[in-house]
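# Results of the structural survey
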Amino acid sequence: MTRDDERWPGLRRVFRLPLGGRRVQRDVDAELRFHIEERIAELVAGGMSREEAEAQVRERFGDVTRIGAELRAIDRTTERRRAYTEWLDDLGRDIRYAVRGMIARPLVAMVIIITLALGIGANTAIFSVVYSVLLRPLPYAHADRLLDLRERNGSASMPVTIGNVGTWEQRARGFEGFAAIWYQGFTLTGIGEPQSVVAYRVNADYWKTLYIPPALGRYFSVQEDQPGAPHVVVLSHDVWESTFGGDRGVIGRSITLSGTPYTVIGVAPAAYRVYAQQPAIWVPIALTQAQLAQHRDHELQVIGLLRDGVSREQAVADLTRIESALAAQYPHAYFDGGIIATSLRDSVVGPTRPLLLMLLGAVGMVLLIACGNVMSLLLARAAARHKEMAIRYALGAGRSRIVAQLLAESLVLALTGAVVGLGVAWAGVWFLVTKSPVNVNRLHDATLNGPVLAFTIALAVVCGIVFGLFPALRASRVDLQGTLREGGRESGSVVRARLRAALVVGEVALALVLLVGAGLLVRSAILLQRVPPGFDSHNVLVASTSLPSARYPNDAAITQAFQRITEAVGTIPGVQSAALVSRIPIASGGMDCVVSAEGSAVGDVSGGDANARGATGNYFATLGIPLLVGRTFTEADVATSAPVAIINRSLAHRLFGDANPIGKRITMCGNSASSATWSEIVGVIGDIHASGLDEDIRNEVYFPMTQLVTGGMWIVVRGSVPVTSLTTSIRRAVASVDPLLALSGARTMDDVIARSLAPSRFTTMLFLLLGLTGLVLATVGIYGVIAYVVTQRSREIGIRMALGADSRRVLGMVVGQGVFLAVIGIVIGLAVSWGVTRWLASQLYGVGVRDPLTFAAVAALLLLVAGVASWIPGRRATKVDPTVALRSE
């Protein structure tokens, strides 16, 4: 320790720079020793002996160790505050300087901010959806203990039979309860025009299993979930607001559902809107003893609540044991004793998880390309500021201080880009939520909430460091004498040029991956559009209506009412043909059940599953489905006549091979040979894509409407005039039969097909938009690098032209350099795409994930774009005046 340190430790400690803890301890010890020695010297000078003086000083000072500890603590606190204040002062100066730099160079700043806004905004929008759909916890009280339960039938999963759920409730010990859900349509009347509403018929355990406190009123009890109990209903929050105007006095009000009065006892909270297809109302399922004895018809969605303390494996194993016993007791009930248990979160997310993760990866690539462009701009900017950095060094600034300042500039740019990007993100979230045709559960809750904003800020900070750190380190590495001697020419231009070239290669590679994915989806969408549906959808209108069981209690009443509706619609001017079918193709399936041919064991799966539909005889001609052999249904095919059926070509070939199926008999969903209903095949129709153009041809069985009676049917109308003009007339015709019937889902068959293709088109559009964004950014990157190279090599180009090089050679040299970088990026991008496109397999139709035509077309496009981007600065290079170029040096 120096003499000054010994004599003036307190003064030096006040003015020292923030240092480490050892220095603080040394300074405190020195100061204490200084004060002690000074007092001892005073006492000795006054006549005391040194021993007496030391004893008196120790007595007056007290516990020196404790005092030293207190002083050190005060000193550290003071030093931390001083360091923090100095850091804030430095940060404020850096931010002010960065803002002045942005104002001084507005064009560069604007390009950087817009580039980052696009990248960060797109990532924020997609992350908002990912957070809402995948990451946000389910709103139920015991969400982590909920399992979606389905029965197994070979390799297929099936809804649960009513009787099996009743048995589970009695015997399963690993579950606290089972929520049983049965989907049903009702007609709401008495409030404006009759309207169709989707209902969940649920048991009382539903509310305990999926508990969220009601928004208003209460949920129904076990006593109200019994046959013969008073009819009660719980409204969804959406219906309460839209239909009842949010009236809090709705509790206790009576409403009419399909002709039956129900008392409103509660309103569910908006949080129950988890699924994209949300019910409008909940009513008790009220299962009868006859229904509970039924173990063959798979109707129910079941969600189980694990008992607290019981593991998922234990509960499922116990349930599987019960299911196996039921399978042995009911051998022809289409379940094999296995249970398929999925966490409710995974069930809700469903197949959208891979798509959302792919989108998140795609926008991440766009952001990386954007960061590459920004880094390239900052490297060029650092080259222009090389002399400025040298002067700062000469004035005493350290390298760490310069790096901190440059990083602060990058962070200011990144955060400004993030603020602008929030506008892009808001527009993106609005578009995805309101315009997306994809039925994604929980998508409606996507918004720019706290976690999403935190993600945006974190992303901006990371981006600012990623694209700002290396340019800052390069700019702070200055050869002071060499730079000042060169008068500002950059000595490290070769290193920067190579780095910018590497960035362009990476951008091209990422852009190619995006474009290959988009190209595969575009090809898939084109092929899907060309798939013939198997019927004539032109100028066909479809609409559905349901008959309430309260007014149509038996099959005869239902059949008679639908016949009257068909006759009324058929007499409308402009209607060429009107028919009925229980399920229309494309938009809905059918009653999926195993079909067996006579002579095989009933329940034998050799025939496979088939969709059963009820229809009128003129349905096939109305929709333009060709009759290949036999006949359609006639007026003689009534409920009391021999059962008949029409099958499609695929099922005929599967059951009978090349033999003529007319006159042979089949059964569906038979329980035993004695109880099976055998239907004679009277016709064979052509195959249609009943489940969607992207789905394989399914087995189809049609029964006369009089022999497969359902309370809900679709009206199919072919018009001699544009059918969109007939909707009002059709609604009046239905009302003429029964004014309390609602007509819903009215749309053209072309629209049905278009809606089925909308998710594919929407996904393709998103990937194509991201791919084109990546292409534009990569093009800008190539242009920037080549323009920078031309600027750096202007003297060389001038010399070449002075020595006789013609403009074509100079142009070829410049364009060749840009194309060379693009080729390297294309090769790398092709290799990456070869591996990652397999994740798109579930989104493609009719095209392989490694389609050579797509790969070649995208590579050629990028090569062409790179040539054009290089040609523009190349043309400028050919106009370099050799005299001016040499003089400027």
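Residues numbered from 1 in each chain as written. Predicted model: local features only at pLDDT ≥ 70, side-chain atom pairs only at ≥ 80, totals over all residues. Heavy atoms only, no water.

### Looking at the overall build of the protein chain
Counting its regular elements, the protein chain contains 27 helices and 23 strands. Per-residue burial over the protein chain gives 48% buried out of 889 residues. Accessible surface, the protein chain as shown: approximately 41,100 Å² in total, 58% of it carbon and sulfur. (Helix = DSSP H or I, 4+ residues; strand = E, 2+ residues; numbered from the N terminus. Buried < 20%, exposed > 50% of the residue type's maximum accessible area, 1.4 Å probe, protein only. Areas by Shrake-Rupley, 256 points an atom, 1.4 Å probe, with all protein chains shown as cover.)

### Here's the deal with the confidence of the model for the protein chain
With 85% of its residues at a pLDDT of 70 or more, the protein chain has an overall mean of 83. Mean pLDDT values over the elements of the protein chain span from 39, in helix 2 (residues 9–15), up to 96, in strand 7 (residues 232–235). The low-confidence segment residues 1–20, where pLDDT is below 50, has 32 contacts with residues more than four positions distant or belonging to other chains. (pLDDT = per-residue confidence, 0-100. Contact = heavy atoms within 4.5 Å.)

### Quick word on the nonpolar core
Ranked by size, the top nonpolar core spans 64 residues in total, and within it Val129, Leu512, Phe767, Ile782, Leu840 and Leu862 carry the most contacts. Contributing elements (two or more residues each) for this core: helix 6 (106–135), helix 13 (352–384), helix 15 (399–435), helix 18 (493–529), helix 23 (749–792), helix 24 (794–802), helix 25 (807–836) and helix 26 (852–878). Setting aside residues no more than four positions away along its own chain, Phe767 makes contact with Leu355, Met358, Leu359, Ala362, Ala518, Leu521 and Leu840. Ile584, Ile586, Ile688 and Val752 belong to the second largest nonpolar core, which has 29 residues in total. (Core = buried A, V, L, I, M, F, W, Y, C linked by side-chain atoms within 4.5 Å.)

### Brief notes about the environment of Arg39
Note that Arg39 resides in helix 3 (residues 21–45). Residues within four places of Arg39 in sequence aside, it is in contact with Val57 and Arg60.

### A look at the environment of Tyr619
Along the chain, Tyr619 turns up in helix 20 (residues 619–623). With 41 residues separating them in the primary sequence, Tyr619 and Ala578 have C-alpha atoms 7.7 Å apart. Once you skip the residues sitting within four places of it in the chain, Tyr619 turns out to touch Ala579, Leu580, Val581, Pro585, Ile625, Tyr702 and Val716.

### A look at the environment of Val250
Tracing the chain through its elements places Val250 in the loop between helix 9 (237–242) and strand 8 (254–257). You can call Val250 buried: its relative accessible area is 1%. In sequence terms Val250 and Leu216 are 34 residues apart; their C-alpha atoms lie 9.3 Å from each other. Excluding its chain neighbours within four sequence positions, the residues that come into contact with Val250 are Leu216, Leu235, Trp240, Phe244, Val264 and Val267.

### Topic: helix 19 (residues 555–570)
Note: α-helices contain 3.6 residues per turn, so residues at a spacing of three or four share the same orientation. With 16 residues, helix 19 extends 22 Å from end C-alpha to end C-alpha; this agrees with the ideal 22 Å at 1.5 Å per step. Those residues of helix 19 that sit buried are Ala557, Ile558, Thr559, Ala561, Phe562, Ile565, Thr566, Ala568 and Val569. Residues of helix 19 that are buried in the fold lie against strand 13 (540–546), strand 14 (575–581), strand 22 (712–719) and helix 22 (727–737). At the N-terminal end of helix 19, a side-chain oxygen is found 3.3 Å from the backbone nitrogen of Ala556, two or three residues along, and the residue is Asn554. (Expected span 1.5 Å × (residues − 1). Polar contact = N/O pair within 3.5 Å; in protein donor to acceptor, adjacent residues only side chain to side chain.)

### Here we look at the packing of helix 25 against helix 26
Interaxial distance between helix 25 and helix 26 falls to 8 Å at its minimum, and their mutual angle equals 150 degrees. Regarding the angle of helix 25 to helix 26, the classification is roughly antiparallel. Once helix 25 is placed against helix 26, the crossing between them reads as right-handed. Along the lines of polarity and charge, the residues of the contact of helix 25 with helix 26 split into 18 nonpolar, 7 polar and 1 charged. (Axes fitted to C-alpha atoms, helices over the stretch in contact; angles between N-to-C directions. Parallel < 35°, antiparallel > 145°, perpendicular 65-115°, else oblique. Left-handed = near helix turned anticlockwise from the far one by under 90°. Nonpolar A, V, L, I, M, F, W, Y, C, P; charged D, E, K, R; others polar.)

### Comments concerning the pattern of salt bridges
The final tally for this structure, using the stated rule, is 15 salt bridges. With its nearest N and O atoms 3.1 Å apart, the salt bridge here joins Asp346 to Arg353. A residue is classified by how much of its surface remains accessible, and Asp346, at 38% relative accessible area, is partly exposed. We note a salt bridge from Arg551 to Asp738, for which the minimum N-O separation is 2.8 Å. Of this pair, Arg551 sits in the loop between strand 13 and helix 19 while Asp738 sits in the loop between helix 22 and strand 23 (744–748), placing them 187 residues apart in sequence. A residue is classified by how much of its surface remains accessible, and Arg551, at 31% relative accessible area, is partly exposed. The class of Asp738 is buried, set by a relative accessible area of 6%. (Salt bridge = Lys/Arg side-chain N within 4 Å of Asp/Glu carboxyl O.)

### A few points about the packing of aromatic side chains
Throughout the structure, instances matching the rule amount to 22 aromatic pairs. Pairing Phe620 with Phe633 gives two aromatic rings, centres 6.2 Å apart and planes at 55 degrees, and the pair type is tilted. Within this pair, whereas Phe620 is found in helix 20, its partner Phe633 is found in the loop between strand 17 (627–630) and strand 18 (644–648), the two being separated by 13 residues in sequence. Accessibility classification places Phe620 together with Phe633 in one group, the buried group. Linked through ring pairs, Tyr140, Tyr183, Tyr200, Tyr206, Trp207, Tyr219, Phe220, Tyr272 and Trp282 together constitute an aromatic cluster. (Phe/Tyr/Trp six-rings, centres within 6.5 Å; stacked < 30°, edge-to-face > 60°.)

### Things to note about the packing of helix 19 against helix 22
Contact geometry for helix 19 and helix 22: axes closest at 9 Å, N-to-C directions at 140 degrees. By the angle between their directions, the pair helix 19 and helix 22 is classed as oblique. Helix 22 is crossed by helix 19, and the crossing has right-handed handedness. Every residue of helix 22 that contacts helix 19 at Ala561, Arg564, Ile565, Ala568 and Val569 is listed here: Ile730, Ala733, Val734, Ser736 and Val737. Classifying every residue of the contact of helix 19 with helix 22 gives 8 nonpolar, 1 polar and 1 charged.

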